[in-house]
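A structural walkthrough
One letter stands for each residue in the lines below.
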Amino acid sequence: MPKKKATNEKSAGSPGQETERCHWTSADELCLINYITIHKAKGGDRLNFDKKFWVQVATDVAHTTKSGVVKTPHSCHQKWQRVCASLYSATFYIVDWIANFSGISWSNECGADI
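Values in this document were obtained by computation on a predicted structure and should not be read as measured data. (Residues numbered from 1 in each chain as written. Predicted model: local features only at pLDDT ≥ 70, side-chain atom pairs only at ≥ 80, totals over all residues. Heavy atoms only, no water.)

Before going further, it helps to examine the packing of aromatic side chains. The tally for this structure, following the rule as stated, stands at four aromatic pairs. Centroid distance Phe49 to Trp54: 5.6 Å. Interplanar angle 90 degrees. Geometry classified as edge-to-face. What links up through ring pairs into an aromatic cluster is the set Tyr35, Phe49, Phe53 and Trp54. (Phe/Tyr/Trp six-rings, centres within 6.5 Å; stacked < 30°, edge-to-face > 60°.)

Now the structure itself:
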């Protein structure tokens, strides 16, 4: 049986009509991150990738998907955005802890001034 395509959108349309959502396993996430790490030059300094890049990512991730729906280029792009957001959030909390609670000197202009 062929795998269905993924959607990250909530069900829309007539009542009773449901769309399947992506389930990202650790292996899928690792494949996504590894692919982007290897090909990061295609995204430039800000890692802004074009649509063709996300098609290639989805194709690569499809090889690791063992169950569930096939990841689409759109679902891969959305997952990458969520991964980046969680990393930025974690970085903020670490810097905030250093700046306010650790006793180590910190300023936004000079950092730890080391």
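There is more to say after this.
Rolled over the atoms, a probe with the dimensions of a water molecule shows which regions are left empty. Quantified by volume, the largest pocket comes out at close to 230 Å³. Lining the largest pocket we find Arg46, Leu47, Asn48, Phe49, Trp54, His77, Trp80, Gln81, Cys84, Leu87 and Tyr88. Considering each element in turn, the lining of the largest pocket owes the most residues, six residues, to helix H3 (residues 73–100). Of the residues belonging to the lining of the largest pocket, the class tally is seven nonpolar, three polar and one charged. (1 Å grid on protein atoms, 1.4 Å probe; cavity = no way out; pocket = protein on both sides within 12 Å on 5 of 7 lines; lining within 4 Å. Points joined across faces, edges and corners; volume = space filled by probe spheres on them. Helix = DSSP H or I, 4+ residues; strand = E, 2+ residues; numbered from the N terminus. Nonpolar A, V, L, I, M, F, W, Y, C, P; charged D, E, K, R; others polar.)

Between the first and last C-alpha of helix H1 (residues 26–38) there are 18 Å, a value that for 13 residues agrees with the 18 Å anticipated at 1.5 Å per step. Every buried residue of H1 is accounted for by Asp28, Cys31, Leu32, Tyr35 and Ile36. Along the axis of H1, the buried residues cluster in a sector spanning 125 degrees; they form a single face. When the buried face of H1 is taken as reference, the exposed residues oriented beyond 90 degrees from it are Ser26, Leu30 and Ile38. (Expected span 1.5 Å × (residues − 1). Buried < 20%, exposed > 50% of the residue type's maximum accessible area, 1.4 Å probe, protein only. Arc of directions from axis to C-beta.)

Counting residues in each nonpolar core, the largest one holds 17 residues, and the members touching the most others are Leu32, Trp54, Val57 and Cys76. Taken together, the elements giving at least two residues each to this core come down to H1, helix H2 (51–62) and H3. For this core, the element with the highest residue contribution is H2, accounting for five residues. For Cys76, the residues in contact, after removing those within four places along its chain, are Trp24, Leu32, Trp54, Val57, Ala58, Val61 and Lys71. (Core = buried A, V, L, I, M, F, W, Y, C linked by side-chain atoms within 4.5 Å. Contact = heavy atoms within 4.5 Å.)

Moving on, we come to the side chain of Lys71. If you trace the backbone, Lys71 turns up in the loop between H2 and H3. Among the polar contacts made by the side chain of Lys71, one reaches the main-chain carbonyl oxygen of His23 at a distance of 2.9 Å. A distance of 3.1 Å separates polar atoms of two side chains, one belonging to Lys71 and the other to Asp28. (Polar contact = N/O pair within 3.5 Å; in protein donor to acceptor, adjacent residues only side chain to side chain.)

What follows covers the side chain of Thr65. Mapped onto the secondary structure, Thr65 falls in the loop between H2 and H3. A distance of 3.2 Å separates a polar atom in the side chain of Thr65 from the backbone oxygen of Val61.

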